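Below are the chains, spelled out letter by letter.
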Amino acid sequence: MNKPQSLSTRYDPRDLSDEELVARAHTELFHVTRAYEELMRRYQRTLFNVCARYLGNDRDADDVCQEVMLKVLYGLKNFEGKSKFKTWLYSITYNECITQYRKERRKRRLMDALSLDPLEEASEDKAPKPEEKGGLDRWLVHVNPIDREILVLRFVAELEFQEIADIMHMGLSATKMRYKRALDKLREKFAGIAET
């Protein structure tokens, strides 16, 4: 007895176009992944090269490729074909590269802030310089957790006071007041040391 045509899984995915593979994936996923695997095989090398060039290193490129492949796997069922599969794939790739780039940039800024870079805003207010005390992390231990979070969001994430207030579920004036008090406390704590 022959299987109905729609349930047949006998095909060579290499013989199908991207559009035919997408149509197969719509009906097969998540039980059969043959069409999805062929789509990924076709674009894997180029996908990796795009990510590596954008991000500048293979490790991050590999991470992004894995993330893209997962997004494609879970998104294929909803892909409507309004654009070519290739266009959709690279749109996802571009967005993931941007996300990864921003993460790495934030990480670098955090590492800079925790190690060597003086905090401009703090130095303008004559706050202690973190490089003199071994980094931002060394002097943040002298403030309570809420004030520490406000300082990190201000210096590391470079957020405006209103954004910090929204994140912390506090009023704007309360946020500014806690920020100022935290800086004052740090200035007092390190005033004698900074002068020596």
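Thresholds applied
- Residues numbered from 1 in each chain as written.
- Predicted model: local features only at pLDDT ≥ 70, side-chain atom pairs only at ≥ 80, totals over all residues.
- Heavy atoms only, no water.
- UniProt positions renumbered as here; feature names shortened; annotations may be inferred.
- Patch = residues over 30% accessible without salt bridge, like charges linked within 9 Å, V, L, I, M, F, W, Y side chains within 5 Å.
- Areas by Shrake-Rupley, 256 points an atom, 1.4 Å probe, with all protein chains shown as cover.
- Salt bridge = Lys/Arg side-chain N within 4 Å of Asp/Glu carboxyl O.
- Lys, Arg positive; Asp, Glu negative; His and termini not counted.
- Charge placed at Lys NZ, Arg CZ, Asp CG, Glu CD.
- Buried < 20%, exposed > 50% of the residue type's maximum accessible area, 1.4 Å probe, protein only.
- Helix = DSSP H or I, 4+ residues; strand = E, 2+ residues; numbered from the N terminus.
- Arc of directions from axis to C-beta.
- Axes fitted to C-alpha atoms, helices over the stretch in contact; angles between N-to-C directions.
- Left-handed = near helix turned anticlockwise from the far one by under 90°.
- Contact = heavy atoms within 4.5 Å.
- Nonpolar A, V, L, I, M, F, W, Y, C, P; charged D, E, K, R; others polar.
- Polar contact = N/O pair within 3.5 Å; in protein donor to acceptor, adjacent residues only side chain to side chain.

- The name given to the protein in an unreviewed UniProt entry is RNA polymerase sigma factor SigX, and the organism recorded there is Pseudomonas bijieensis.
- For the protein, the Sequence similarities (unreviewed entry) comment in UniProt is given as "Belongs to the sigma-70 factor family. ECF subfamily."

Quick word on a positive patch on the surface
Next, step 1: A cluster of basic residues, R102, K103, R105, R106 and R108, forms a positive patch on the protein surface.
Next, step 2: Take R105: its relative accessible area is 35%, and that puts it in the partly exposed class.

Quick look at a nonpolar patch on the surface
Next, step 1: A surface patch of nonpolar side chains, about 330 Å² in accessible area, is lined by F30, L70 and Y74.
Next, step 2: Looking at where L70 falls in the secondary structure, it is placed in helix α3 (residues 58-75).
Next, step 3: Residue class for L70 comes out partly exposed when judged on its relative accessible area of 42%.

Quick word on helix α1 (residues 18-28)
Next, step 1: Those residues of α1 not exposed but buried are D18, L21, V22, A25 and E28. In a view along the axis of α1, the buried residues occupy a sector of 135 degrees, so they form one face of it. Exposed positions of α1 whose direction lies more than 90 degrees from the buried face are E19 and T27.

With respect to helix α8 (residues 161-168)
Next, step 1: Of the residues making up α8, those classed as buried are F161, I164, A165 and M168. For α8, the buried positions fall inside an angular range of 100 degrees around the axis, keeping them on one side.
Next, step 2: Looking one or two residues past α8, H169 carries a phi angle of roughly 55 degrees, positive in sign.

Describing the packing of helix α2 (residues 34-55) against α3
A pair of packed helices can be characterised by two numbers: the angle between their axes and the separation between those axes.
Next, step 1: It is the contact of α2 with α3, at a shortest axis distance of 9 Å, that shows an interaxial angle of 145 degrees. The handedness of the crossing between α2 and α3 is right-handed. Here α2 contributes Y36, M40, L47, F48, C51, A52 and L55 to the contact with α3, which in turn contributes D58, D60, A61, D62, V64, C65, V68, M69, L70, V72 and L73.
Next, step 2: Here the residues of the contact of α2 with α3 sort into 15 nonpolar, no polar and 3 charged.

Remarks on the side chain of D147
Next, step 1: Among the secondary structure elements, D147 is positioned in helix α7 (residues 145-155).
Next, step 2: In this structure D147 comes out as buried when scored by relative accessible area, which is 10%.
Next, step 3: In this structure the side chain of D147 is engaged in a polar contact, spanning 2.7 Å, whose partner is the side chain of R178.
Next, step 4: Non-local contacts of D147, meaning those with residues more than four positions away in its chain, are made with R178 and A182.

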